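Examining the three-dimensional arrangement
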Amino acid sequence: MDLAYIPSPSTGVIHLGPIPLRGYAFCIIIGVFVAVWLGNKRWIARGGTAGTVADIAVWAVPFGLVGGRLYHVITDYQLYFSEGENWVDAFKIWEGGLGIWGAIALGAVGAWIGCRRRGIPLPAYADAIAPGIALAQAVGRWGNWFNQELYGRPTDLPWALKITAGPNREAGFYHPTFLYESLWCVGVALLVIWADRRFKLGHGRAFALYVAAYCAGRVWTEYLRVDEAHHVLGLRLNVWTAIIVFLLAVVYMVVSAKVRPGREETVEPRKAAEAGEKPADGAEDAAEVQDTEPAQDTEPAQDAGDGDAADADQAGEKRKDGAGNGAGAGGR
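Let me begin by describing the structure that accompanies this report.

Thresholds, definitions, all that
Residues numbered from 1 in each chain as written. Predicted model: local features only at pLDDT ≥ 70, side-chain atom pairs only at ≥ 80, totals over all residues. Heavy atoms only, no water. Phe/Tyr/Trp six-rings, centres within 6.5 Å; stacked < 30°, edge-to-face > 60°. Helix = DSSP H or I, 4+ residues; strand = E, 2+ residues; numbered from the N terminus. Buried < 20%, exposed > 50% of the residue type's maximum accessible area, 1.4 Å probe, protein only. 1 Å grid on protein atoms, 1.4 Å probe; cavity = no way out; pocket = protein on both sides within 12 Å on 5 of 7 lines; lining within 4 Å. Points joined across faces, edges and corners; volume = space filled by probe spheres on them. Nonpolar A, V, L, I, M, F, W, Y, C, P; charged D, E, K, R; others polar. Expected span 1.5 Å × (residues − 1). Bend = angle between axes of the 7 residues up to and from the residue. Axes fitted to C-alpha atoms, helices over the stretch in contact; angles between N-to-C directions. Left-handed = near helix turned anticlockwise from the far one by under 90°. Contact = heavy atoms within 4.5 Å. Core = buried A, V, L, I, M, F, W, Y, C linked by side-chain atoms within 4.5 Å. Patch = residues over 30% accessible without salt bridge, like charges linked within 9 Å, V, L, I, M, F, W, Y side chains within 5 Å. Areas by Shrake-Rupley, 256 points an atom, 1.4 Å probe, with all protein chains shown as cover. Salt bridge = Lys/Arg side-chain N within 4 Å of Asp/Glu carboxyl O. Pairing = 2+ DSSP bridges.

**With respect to the packing of aromatic side chains**
Enumeration over the complete set of coordinates arrives at 12 aromatic pairs. With a centroid separation of 4.6 Å and 40° between ring planes, the pair formed by tyrosine 151 and tyrosine 174 is classed as tilted. Of this pair, tyrosine 151 sits in the loop between α6 (142-147) and β3 (161-163) while tyrosine 174 sits in strand β4 (residues 172-174); the two residues are 23 residues apart in sequence, bridging distant segments of the chain. For the residue pair tyrosine 151 and tyrosine 174, the accessibility class agrees, reading buried in each case. Counting every residue linked through ring pairs, the aromatic cluster contains Trp142, Trp145, Phe146 and Phe178.

**Regarding the layout of surface pockets**
The computed volume of the second largest pocket comes to approximately 270 Å³. Lining of the second largest pocket is provided by Leu38, Lys41, Arg42, Ala45, Arg46, Ile193, Asp196, Arg197, Lys200 and Arg263. Among the secondary structure elements, those contributing two or more residues to the lining of the second largest pocket are α1 (23-45) and α7 (177-199). When residues of the lining of the second largest pocket are assigned to their parent elements, the largest contribution, 4 residues, is made by α1. Classifying every residue of the lining of the second largest pocket by side-chain character gives 3 nonpolar, no polar and 7 charged.

**Quick word on helix α2 (residues 52-75)**
The first and last C-alpha atoms of α2 sit 34 Å apart over 24 residues, in line with the 34 Å expected at 1.5 Å per residue. Largest kink in α2: about 35°, centred on valine 58, with the proline proline 62 one to four residues after it.

**Observations regarding the packing of helix α4 (residues 100-118) against helix α5 (residues 122-140)**
Across the interface, α4 lies against α5 with an axial gap of 12 Å and an inter-helix angle of 140°. Viewed along their axes, α4 and α5 form a crossing whose handedness is right-handed. Contacts from Ile100, Ile104, Ala108, Ala111, Trp112 and Cys115 in α4 reach Leu122, Tyr125, Ile133 and Gln137 in α5. Taken together, the residues that form the contact of α4 with α5 break down as 9 nonpolar, 1 polar and no charged.

**What about the nonpolar core?**
Trp43, Trp101, Tyr125, Val192 and Tyr210 are the most contacted members of the largest nonpolar core, which totals 36 residues. Contributing elements (two or more residues each) for this core: α2, α4, α5, α7, α8 (205-224) and α9 (237-259). Beyond its immediate sequence surroundings of up to four residues, tyrosine 125 is in contact with Trp43, Val53, Ile56, Ala57, Ala111 and Cys115. If you look at the next biggest cluster of nonpolar residues, it comprises 8 residues, including Ile6, Tyr151, Leu161 and Tyr174.

**Some words on a nonpolar patch on the surface**
A surface patch of nonpolar side chains, about 590 Å² in accessible area, is lined by Tyr77, Phe81, Trp87, Val88 and Phe91. With respect to the helices, strands and loops of the structure, valine 88 is situated in the loop between α3 (78-81) and α4. Under the relative-accessibility criterion, valine 88 is labelled partly exposed at 36%.

**Here's the deal with the side chain of serine 182**
Looking at where serine 182 falls in the secondary structure, it is placed in helix α7. Residue classification places serine 182 among the buried residues on the basis of a relative accessible area of 6%. Dropping the residues within four chain positions of it, serine 182 is found in contact with Ala138, Arg141 and Trp142.

**Regarding the pairing of strand β1 (residues 13-16)**
As paired strands, β1 and strand β2 (residues 19-22) are joined by 4 bridges and run antiparallel to one another. Paired with valine 13 across the two strands is arginine 22, which belongs to β2. Hairpin geometry of β1 and β2 is characterised by an intervening segment of 2 residues between the two adjacent antiparallel strands and by a positive phi of about 70° at glycine 17.

**Let's talk about α8**
Spanning 20 residues, α8 covers 29 Å between terminal C-alpha atoms, matching the ideal 28 Å at 1.5 Å per step. Judged by how many residues are buried, α8 sits mostly within the fold: 15 of 20 residues are covered.

Any functional reading would require information that these geometric values do not contain.
Written out as structure tokens, the structure is:
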């Protein structure tokens, strides 16, 4: 008798009349909101403007979804283009199938477009949203639980995941690799937040740390999985991808720290320029007030003195002119 296990939902879809509400889609949407919310807080703390993260996410998220789906379809093409399969299923993203590698790669392209439109350096933006992406992955992995997919090897552990019989799966108890990866992603987010505060990471190094830490965890969770996958030299394709990307992220952190140490002082040049102009204008106004106020106090005295001297000079001139004018009048 099984005393403890993680149950799987009987269905991943709830129908609200004719509208299907899919658990997988909800997890993706919630993950995006979490990433934008945390990224916005971190961006403001770095000196950025509220709303900038969301504006750029409008570009990054669609690109990321397309990239994630493309990676999945290309690496698991046999699920859609083999004999007896329907290629139209390749577009049914709500049924599961997003590759994080493609999502990050193409999502970065979308973020780059959004950053260029606002005059923002992409590395600074990537650093701000890095832990949010990790949390988004942690939430998104629960979509696999709704679809009863991406589980690991059979196990009798108390936290085993109960899988029911269905297309391309056998009933039994398996490692909940979705849960392992979800918890790992939460740990990655906390690691990046801590390291960023402790070492003030900049120029994309916080994002590189997220990538390296995630890849380290993906290697062992991928090793436990039993779903169909391509193998290269005895290892699953995603294991090789994780190893290569991990090495690239570490190399970037090392080289970047030497070439561009420290952290960006300004993350939104336009905001900094506007902020720089306002104090300057205010300082000029204050200087003008200071210049005019003392003048108002001293000028009357000076003007009075000058006026007295002028009046005396003018009186003297009148006396002289009077004598002259009298002589002149007689000559005419």
